[in-house]
Amino acid sequence: NVQNLDAFRQTGERIDQFWGSALVKTPDGQIVNTEDGRPIPLSTLNGNSRRFLGYTNPDWVWGVNNRFSYKQWGFSFQFDGRVGGVIADYVQQQTFRGGRHIETVQGAMGEARYQDYLGVKSWVGPGLVVTGGTPVVDLEGNITNMGELTFADNTSPTFLQDWISRYYNTNESNLISRSFVKLREVIISYNVPAAVLEKTFIKRASVSLIGRNLLYFAEKKDIDVEQYASYDQPGSGLQTPTMRRYGVNINITF
């Protein structure tokens, strides 16, 4: 269970640590593949292994709200965001594994996907293969018997979708930043001049055009990381996208 951190946390450490599923890697970060060219998940060597992937809480939160006025006109806007933290992008994971991610039809992946269709193994993933010995990993995903192993560059072609089903089926391979910036709100208002209203029963009147969630800046836009603002879960899950909203506000005082 990725959420159960009792075996990994130490007294005095932050409680927002993200220990997630990952691939077997050498100490210098190279992926270790099977002889047929597919990445090896930690869970296949030690079902309890997890790797520390970062912290889920932001380093800091900020906001900017400005208001301007000129004669009868008013203009205001609000930018805000969060900096820091990580999350596992479940939407990316599932679209890759289902063959529906845009990258699977572009560039090298697009060509390899067509070769899959033809029944040809053409995709050679990055990393190494073990040519001698069997890797042993500890709870934190570290290979503990590196001195007993020999490696060679991976040169084994495999089906792209087989490689994707291994590589993108881990939290580590779908890890993204939780930092984001939003143009939260823009308001343009107009106050009806008193001279226009002096012969009516209306004391004051104004009209405002309002837009919310107009711009969103983040590492990946397939999820809205703010929808997980509680930061109590390391994975995103599926979600309904945040929508832009537009409105008109009419304020009349009698």
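Residues numbered from 1 in each chain as written. Predicted model: local features only at pLDDT ≥ 70, side-chain atom pairs only at ≥ 80, totals over all residues. Heavy atoms only, no water.

(A) Focus on the layout of surface pockets. Taken as a whole, the largest pocket spans an internal volume of roughly 290 Å³. Per element, the largest residue contribution to the lining of the largest pocket is four residues, and it comes from strand S11 (residues 204-218). (1 Å grid on protein atoms, 1.4 Å probe; cavity = no way out; pocket = protein on both sides within 12 Å on 5 of 7 lines; lining within 4 Å. Points joined across faces, edges and corners; volume = space filled by probe spheres on them. Helix = DSSP H or I, 4+ residues; strand = E, 2+ residues; numbered from the N terminus.)

(B) Highlighting the environment of Pro241. Residue placement: Pro241 occurs in the loop between S11 and strand S12 (245-253). For the pair Pro241 and Glu185, spaced 56 residues apart in sequence, the C-alpha to C-alpha distance is 17 Å.

(C) Local environment of the side chain of Ser189. Mapped onto the elements of the fold, Ser189 is located in strand S10 (residues 180-191). In contact with Ser189, not counting residues within four places along its chain, are Gln72, Trp73, Gly74, Val207 and Ser208. (Contact = heavy atoms within 4.5 Å.)

(D) Structural context of the side chain of Arg178. With respect to the helices, strands and loops of the structure, Arg178 is situated in the loop between strand S9 (175-177) and S10. Note on Arg178: relative accessible area 0%, which makes it buried. Of note is the side chain of Arg178, whose polar atom sits 3.2 Å from the backbone oxygen of Thr56. (Buried < 20%, exposed > 50% of the residue type's maximum accessible area, 1.4 Å probe, protein only. Polar contact = N/O pair within 3.5 Å; in protein donor to acceptor, adjacent residues only side chain to side chain.)

(E) Spotlight on the packing of aromatic side chains. Here the structure, examined in full by the defined rule, presents 15 aromatic pairs. Residues Trp163 and Tyr167 carry aromatic rings whose centres are separated by 4.6 Å and whose planes lie at 10° to one another, so their mutual orientation is stacked. On the criterion of helical spacing, the pair formed by Trp163 and Tyr167 is a turn pair, its members being four residues apart in helix H3 (residues 160-167). Residue Trp163 is classed as buried on the basis of its relative accessible area, which comes to 4%. When the centroid spacing of 6.4 Å and the interplanar angle of 85° are considered together, the rings of Trp163 and Tyr168 count as edge-to-face. Comparing Trp163 with Tyr168 shows no difference in burial state: the two are buried. Among the aromatic side chains, those forming a connected cluster through ring pairs are Phe96, Trp123, Trp163, Tyr167 and Tyr168. The positively charged end of Arg14 is found above the aromatic ring belonging to Tyr55, 3.8 Å away from the centroid. (Phe/Tyr/Trp six-rings, centres within 6.5 Å; stacked < 30°, edge-to-face > 60°. Lys NZ or Arg CZ within 6 Å of the ring centre and 35° of its normal.)

(F) Quick peek at the sheet that holds S11. Read across the sheet, five strands follow the order S4-S5-S10-S11-S12 without closing on themselves; strand pairing throughout is antiparallel. Only two strands of the sheet have a single partner each, and these edge strands are strand S4 (60-70) and S12. Looking at each pair of strands side by side, their axes are set apart by 15° on average, direction ignored. (Pairing = 2+ DSSP bridges. Axes fitted to C-alpha atoms, helices over the stretch in contact; angles between N-to-C directions.)

(G) A look at the nonpolar core. Core analysis: the biggest nonpolar cluster contains 11 residues, these being Leu23, Ile31, Phe96, Met109, Ala112, Trp123, Leu160, Trp163, Ile164, Tyr167 and Tyr168. With four residues, the top contributor of residues to this core is H3. With residues up to four places along the chain from it excluded, the contact list for Trp163 reads Gly37, Pro39, Met109, Trp123, Gly125, Pro126, Thr158 and Tyr168. Within the second largest apolar cluster, nine residues are counted, among which are Val24, Val32, Val130 and Val137. (Core = buried A, V, L, I, M, F, W, Y, C linked by side-chain atoms within 4.5 Å.)

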